[in-house]
Amino acid sequence: MPERRYWNEAAETRSEEEIRALQMSKIRRQLAYCYERSPYYREKFREIGALPADVQTWEDFRRLPVLLTPEQYKAQQDQSSAEDGHPYGRILCAPLAEVVGVASTSGTTGRPTLTPFTRRDIETTNEVLARAFWRIGIRPGDTVLHAFGLSMWVAGIPMVRALEAMGARPIAVGAEGGTERLLLFARLTRPSALLCTPSFAEHLIERAPEVAGIEVGELGIERIFCAGEPGAGLPEVRKKLSQAWGAKIYDFAGGPWGISSVSCDHAEYQGMHLLSEDYCLHYDLVDPETNAPIEVGDGTIGAAVFTTFDWDAAPPVKFMLNDLNQIFTGPCPCGMPGKRRKILGRIDDLLIVKGINVYPAAIRNVVNGFVPRVTGEMRVVLREPPPRVSSPLHIRIERGADVADAELVELERQISARIRDLLRFTPRIEFVAPGTLARSALKGKLIERLYQQS
Ligand SMILES: [Zn+2]
């Protein structure tokens, strides 16, 4: 029998019509559940003068405003800590006794924000993570080295749990275990897959020879599942990691709330396939400036707004994250079904040039299409504070090492035309020598600020 392509074929290959019908029935159920049980959502519905029963159609749902932001998520947890005797927030819908798992979603300093799970939420998480693990080739019986931070993070214990649930064999050293211990366990247990941030995978390339007298390529890792930061979607980083490790590199985003998306095997990064449209709405986009809903077509960019379905503990509904997403609805060259998304950066990166929304990460995506005639390293140079900046937007691009001076005029014309076609503005391009711009691909530094920062 040929090996199956999906962990859950029935769920992962639904038609667009089936997905939409399923989502609508689940959205209506989730809204009613949240309204009935959460004082936060009841208050929000009161403010907008609506009831969950008013949401009958997809258009009704799309018109609902953003109900939750990261700041509000934190504030409602501060409030429940002060007034309700628990830190899980006023969006907590399940009885506290049914909260049997807790993770933390944010790595920023200060008070952590918590993600509670009921038993069913843990099962949902196991299911949507298993779909991602299966897509990248992890199978029951495989040894998987886990090197994400274990302490409270969603990519920590929940991923270990999901690997065990699907029958794989996680070696949960965690990022806290440190380089030496990780390499020791890698040699001892011979894992075929590694789970870690792209910057940790990069760090191990340099450290393995010093610490263990071994090149990472000798460890036998066939696939690396990256998450937690951008990197695995950038051509330079992918190339560096895959060459040094001799492994395939995959980019994942999700974990809590039924969110799961992972990149495919195609040589060129195509974004992350949405794997759990039956558990979460991943492609509800709004304009980051006005919060108005955006009609989503192939390549549409906007602020990501998530709504979970069938989530018990503290379900986000119309939750606008700080991420800018680009959604692709057209077929992927890899042949796998479903929509895809690219995370382009943070909303704070938004620029407005002559009324057009411009995202530095989208410019980088265009410029990356010209490698090797450019190195892929570039900066948007700003002389005034964003988001509204004057035209033409100044872009500094590193030319490729083998590009002659005489070719630059034509190269500039081509890049400029591609940016105009795809992003609807005309830039001013300045070429600089390869290696001129500081290397910070993992941090994703795309803007150079020449104005006085307060
Ligand atoms: Zn694909």
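Thresholds, definitions, all that
- Residues numbered from 1 in each chain as written.
- Predicted model: local features only at pLDDT ≥ 70, side-chain atom pairs only at ≥ 80, totals over all residues.
- Heavy atoms only, no water.
- Helix = DSSP H or I, 4+ residues; strand = E, 2+ residues; numbered from the N terminus.
- Rg over C-alpha atoms; globule rule 2.2 N^0.38 Å.
- Buried < 20%, exposed > 50% of the residue type's maximum accessible area, 1.4 Å probe, protein only.
- Contact = heavy atoms within 4.5 Å.
- Donors = N, O, S within 2.8 Å, 3.2 Å for Na, K, Ca; no water.
- Tetrahedral: all angles 85-135°; square planar, octahedral: opposite > 155°, others 65-115°.
- Axes fitted to C-alpha atoms, helices over the stretch in contact; angles between N-to-C directions.
- Parallel < 35°, antiparallel > 145°, perpendicular 65-115°, else oblique.
- Left-handed = near helix turned anticlockwise from the far one by under 90°.
- Nonpolar A, V, L, I, M, F, W, Y, C, P; charged D, E, K, R; others polar.
- Pairing = 2+ DSSP bridges.

A. Seen up close, the overall build of the protein. Secondary structure assignment for the protein yields 12 helices and 20 strands. For the protein, the C-alpha radius of gyration of 23 Å lies close to 22 Å, the compact-globule estimate for 454 residues. Projected onto its principal axes, the C-alpha coordinates of the protein cover approximately 70 × 60 × 50 Å. The burial tally for the protein puts 56% of its 454 residues in the buried class. Within the protein, contacts between residues at least 6 apart in sequence are counted, and of these 67% link residues at least 24 apart.

B. Layout of the coordination of the zinc ion. Protein-derived ligands of the zinc ion are Cys264 (SG), His273 (NE2), Cys332 (SG) and Cys334 (SG), with the metal-ligand distances lying across 2.1 to 2.3 Å. Here the zinc ion binds 4 donor atoms, and the angle range of 104 to 117° at the metal identifies the geometry as tetrahedral. Between consecutive donors of the zinc ion, the numbers of intervening residues give the motif C-x8-H-x58-C-x1-C. A residue pair is termed long-range when its members are at least 10 positions apart, and His273 in strand β9 (residues 272–274) and Cys332 in the loop between β12 (319–328) and β13 (340–346) qualify at 59 residues. The same class applies to His273 and to Cys332, which are both buried.

C. Representation of the packing of helix α11 (residues 360–368) against helix α12 (residues 408–423) in the model. Running from amino to carboxyl end, α11 crosses α12 at an angle of 135°, the nearest separation of the two axes being 10 Å. Here α11 lies oblique to α12, going by the angle between them. Classified by chirality, the crossing of α12 by α11 is right-handed. Of the residues in α12, those in contact with Ala362, Ile363 and Val366 of α11 are Arg418, Ile419, Leu422 and Leu423. Residue composition of the contact of α11 with α12, grouped by class: 6 nonpolar, no polar and 1 charged.

D. Region of the structure containing the sheet that holds strand β15 (residues 356–358). Taken together, 3 strands build an open sheet; the order of strands is β15-β14-β17 and the sheet is mixed. The open sheet has two edge strands, β15 and β17 (388–389), and neither has a second partner. When strand β14 (residues 351–353) meets β15, the two strands line up antiparallel, connected through 3 bridges. Opposite Ile352, over in β15, you have Asn357 as the bridge partner.

E. Layout of the side chain of Asn368. Mapping Asn368 onto the fold places it in helix α11. Among all residues touching Asn368, those that are not within four sequence positions of it are Pro235 and Gly376.

F. Focus on unusual backbone geometry. Cis geometry is adopted by the peptide bond preceding Pro387, which originates at Pro386 and carries an omega value of 10°. Looking at where Pro387 falls in the secondary structure, it is placed in the loop between β16 (374–382) and β17. That bond from Ser391 to Pro392 is cis: its omega, 0°, falls within 30 degrees of zero. Note that Pro392 resides in the loop between β17 and β18 (394–399). Even without being glycine, Lys318 reaches a positive phi, approximately 50°. In this fold, Lys318 is placed in the loop between β11 (300–308) and β12. Under the relative-accessibility criterion, Lys318 is labelled buried at 2%. For Lys354, which is not glycine, the phi torsion reads 50° and is therefore positive. Here Lys354 shows up in the loop between β14 and β15.

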